[in-house]
Number of protein chains: 2
Amino acid sequence: MSLFLSSYENRLDTKGRVSVPASFRASVSNEKFAGVVLFRSFTNNCIEGMTMSRMEQMAAATDKMGVFDSELDDLTAMLFADARQLAFDVTGRIIIPSDMLAHAGITDSAIFVGRGNSFQIWNPDAFRAAQEKSLNNLRAARPNLKIGE
Amino acid sequence: MSLFLSSYENRLDTKGRVSVPASFRASVSNEKFAGVVLFRSFTNNCIEGMTMSRMEQMAAATDKMGVFDSELDDLTAMLFADARQLAFDVTGRIIIPSDMLAHAGITDSAIFVGRGNSFQIWNPDAFRAAQEKSLNNLRAARPNLKIGE
DNA sequence: GGTTTTTTTATGGTATTTTATGGTTTTTGA
DNA sequence: TCAAAAACCATAAAATACCATAAAAAAACC
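Residues numbered from 1 in each chain as written. Chains lettered and ligands numbered in written order. Predicted model: local features only at pLDDT ≥ 70, side-chain atom pairs only at ≥ 80, totals over all residues. Heavy atoms only, no water.

*Asks:* Explain the packing of aromatic side chains to me, please; I cannot follow it from the model alone.
*Replies:* One pair of aromatic rings is described through two measures. These are the centre distance and the angle between the planes. Going through the model one piece at a time under the given rule, you end up with 14 aromatic pairs over all chains. The interplanar angle of 80° and the centroid separation of 6.4 Å between the aromatic rings of Phe24 of chain B and Phe112 of chain B together place this pair among those described as edge-to-face. You can see Phe24 of chain B sitting in helix α1 (residues 22–28) and its partner Phe112 of chain B sitting in strand β7 (residues 109–114), a full 88 residues away along the chain. Each member of the pair, Phe24 of chain B as well as Phe112 of chain B, is classed as buried. Every member of this aromatic cluster is reached through a ring pair, and the members are Phe4, Tyr8, Phe24, Phe112 and Phe119 of chain A. (Phe/Tyr/Trp six-rings, centres within 6.5 Å; stacked < 30°, edge-to-face > 60°. Helix = DSSP H or I, 4+ residues; strand = E, 2+ residues; numbered from the N terminus. Buried < 20%, exposed > 50% of the residue type's maximum accessible area, 1.4 Å probe, protein only.)

Spelled out as structure tokens, the structure:
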């Protein structure tokens, strides 16, 4: 799977359709499902997005936990119950459900934000503010990311 | 097997018929049994649903427990004795048995809730309350789900 | 290097199909 | 024979596919 990189701001039309950035579509192009899976973020006021195969990996990961585990309940409730699979139309657009738009405070335009193996969709202004905050957090405390094991 | 994602609220008609959401039917479409298996949840006031092949996986998983385990007795009683297989009619509807409706408190409408490899059927109001609770739980403590090994 | 041409991408509107849902008729089986 | 279940038919609403154009990016050209 190729990575979701960079940020792209696109307009919503009257029917709520919005183009998924071409470069994101390219990242999905060799998936069997030609579209994306979205769900409301429970950490930010934004929408989380990923490929279907990534979602299937999530399901496989939950299978390794106990089937009747109560912690798992909450997680699968938000991950799967809230998720929507949205196919691209011919020109590469999706219609973001209105409850998700409300959650993210998106009205007339949305910004698609690359997150590596996934992406997010934000209200453009809210994103810029959050981005500023992330920068300050990182300056205050350098993260401990290791590439070699 | 494709995943059960998202939530769909559908009405029951006077005869108790309710449409299984089209996307759920799609998840079942390459199964040999064109329908679903339901049983009463013993963790929530709802109905558990899955494909026949998932049910077979469950049977295989119970084999890993001791044959004369007393927990297994109760589990298999609910899983297999209580389970009903319901075929879709031409338009994709099923009739949910009345004891299951009573268990879930479903009267005039039901919400089909994706859970990844399975799904649930809830009273819509009860589901929304439970969902709110899950969201709060997750916000309080971020779950630790790892996809890489 | 700058200009023109071509291609890709984003966006707007319309037509078609699918889906949910209500009702009626036929079949089954007790 | 009668009631319950299954099959059949019809329709409105929602979702999806289709077509057409404008804007932007990339490529080709001088």
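*Asks:* Would you explain the interface of chain A and chain B in this entry?
*Replies:* Interface size, as often reported, equals the accessible area lost upon joining of the parts. In this assembly, 29 residues from chain A lie in contact with 28 residues from chain B. Together chain A and chain B conceal approximately 2500 Å² of surface at their shared face, both sides included; 65% is due to carbon and sulfur atoms. Along the contact surface separating chain A from chain B lie 2 salt bridges. For Arg115 of chain B, the salt bridge is made with Asp73 of chain A, and the minimal N-O distance between the two is 3.6 Å. Between the two partners, chain A and chain B, sit 12 residue pairs in polar contact (both at pLDDT 80 or more). At the level of elements, α2 (52–63), α3 (70–81) and β5 (84–87) of chain A are the ones that each hand at least two residues to the side of chain A that touches chain B. For the side of chain A that touches chain B, the element with the highest residue contribution is α2 of chain A, accounting for 10 residues. (Contact = heavy atoms within 4.5 Å. Buried area = accessible area lost by both parts, 1.4 Å probe. Salt bridge = Lys/Arg side-chain N within 4 Å of Asp/Glu carboxyl O. Polar contact = N/O pair within 3.5 Å; in protein donor to acceptor, adjacent residues only side chain to side chain.)

*Asks:* Would you take a moment to explain the protein's contact with DNA strand D for this structure?
*Replies:* Lining the immediate environment of DNA strand D, one finds Lys15, Arg17, Thr91 and Arg93 of chain A together with Lys15, Arg17, Thr91 and Arg93 of chain B. Each atom of DNA strand D within 4 Å of the protein belongs either to a base or to sugar and phosphate, the latter forming 0%. Within the contact set of DNA strand D, a base nitrogen lies 2.8 Å away from a side-chain nitrogen or oxygen of Lys15 of chain B. Within the contact set of DNA strand D, a base nitrogen lies 3.4 Å away from a side-chain nitrogen or oxygen of Arg17 of chain B. Its residues assigned to classes, the surface near DNA strand D shows no nonpolar, 2 polar and 6 charged. (Near = heavy atom within 4 Å. Nonpolar A, V, L, I, M, F, W, Y, C, P; charged D, E, K, R; others polar.)

*Asks:* For this particular structure, what's the right way to read the protein's contact with DNA strand C?
*Replies:* Taken together, 24 residues lie near DNA strand C, and Arg17, Arg25 and Arg93 of chain A together with Arg17 and Arg25 of chain B sit nearest. Taken together, the sugar and phosphate atoms account for 48% of what DNA strand C places within 4 Å of the protein. Between DNA strand C and the protein, one listed contact pairs a phosphate oxygen with a backbone N or O atom of Arg11 of chain B at 3.3 Å. Its residues assigned to classes, the surface near DNA strand C comprises 6 nonpolar, 6 polar and 12 charged.

*Asks:* Would you take a moment to explain the sheet that holds strand β5 (residues 84–87) of chain B for this structure?
*Replies:* Sheet strands associate in pairs through backbone hydrogen bonding, adopting either a parallel or an antiparallel arrangement. Residue and element names in this part refer to chain B. In space, the 6 strands of this open sheet follow the order β1-β7-β8-β4-β3-β5, with antiparallel pairing throughout. The open sheet has two edge strands, β1 (7–11) and β5, and neither has a second partner. Taking each pair of neighbouring strands and ignoring which way they run, the sheet shows an average axis angle of 30°. Inspection of the sheet shows strand β3 (residues 35–40) paired to β5 by 4 bridges, in the antiparallel sense. From the neighbouring strand, Val37 faces β5, where its bridge partner is Gln85. (Pairing = 2+ DSSP bridges. Axes fitted to C-alpha atoms, helices over the stretch in contact; angles between N-to-C directions.)

*Asks:* Looking at this structure, how should I read the nonpolar core?
*Replies:* Nonpolar side chains tend toward joint burial in soluble globular proteins. All names here are of chain A. If you look at the biggest cluster of nonpolar residues, it comprises 21 residues, and the most contacted ones within it are Leu38, Ile47, Ile94, Ile96, Ile106, Phe119 and Ile121. Top contributing element to this core by residue count: helix α4 (residues 98–104), with 3 residues. The residues touching Ile96, leaving out its near neighbours within four places in the chain, are Gly16, Val18, Leu38, Ile47, Leu86, Leu101 and Ile121. (Core = buried A, V, L, I, M, F, W, Y, C linked by side-chain atoms within 4.5 Å.)

From the geometry alone we can't say anything about function, so treat these as descriptive.
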